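The lines below spell out each chain.
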Amino acid sequence: MQKIVDVFRKKVQARGTKGIFSLGRLFRIMDDNDSKTLSRAEFEKACRDFKAELSSEDILTLFGAFDLNRDGYINYDE
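Residues numbered from 1 in each chain as written. Predicted model: local features only at pLDDT ≥ 70, side-chain atom pairs only at ≥ 80, totals over all residues. Heavy atoms only, no water.

(A) Quick look at the environment of Y73. The residue Y73 is located in the loop between helix 4 (56-66) and strand 2 (74-75) in this model. Under the relative-accessibility criterion, Y73 is labelled partly exposed at 40%. (Helix = DSSP H or I, 4+ residues; strand = E, 2+ residues; numbered from the N terminus. Buried < 20%, exposed > 50% of the residue type's maximum accessible area, 1.4 Å probe, protein only.)

(B) Quick look at the pattern of salt bridges. The tally for this structure, following the rule as stated, stands at two salt bridges. Of the charged contacts, one joins K36 and D34 as a salt bridge, the two residues approaching to 3.2 Å between their closest N and O atoms. According to the relative accessible area criterion, K36 is partly exposed, its value standing at 48%. Between E44 and R48 there is a salt bridge, with the nearest N and O atoms lying 3.1 Å from each other. You can see E44 and its partner R48 sitting in helix 3 (residues 40-49), four residues apart, about one turn around the helix. By relative accessible area, which is 40% here, R48 ends up partly exposed. (Salt bridge = Lys/Arg side-chain N within 4 Å of Asp/Glu carboxyl O.)

The values are spatial; any link to function lies outside them.
Rendered as structure tokens:
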């Protein structure tokens, strides 16, 4: 799991501060109901739109790494 997180982190860092801001912006755009959370489907779409170039399996692993409270959603703070 850590390897996938590291790969994703490097892809974000490679874009510099623009990558971090676009990831945050994308999070807010994908949060259609303004719940401050992303479901697995929303997260997968966000990763694809961000062009993270990860497989579906890797995206699910990444989702699990970010879903710290294991409620099935990623909130902005996580």
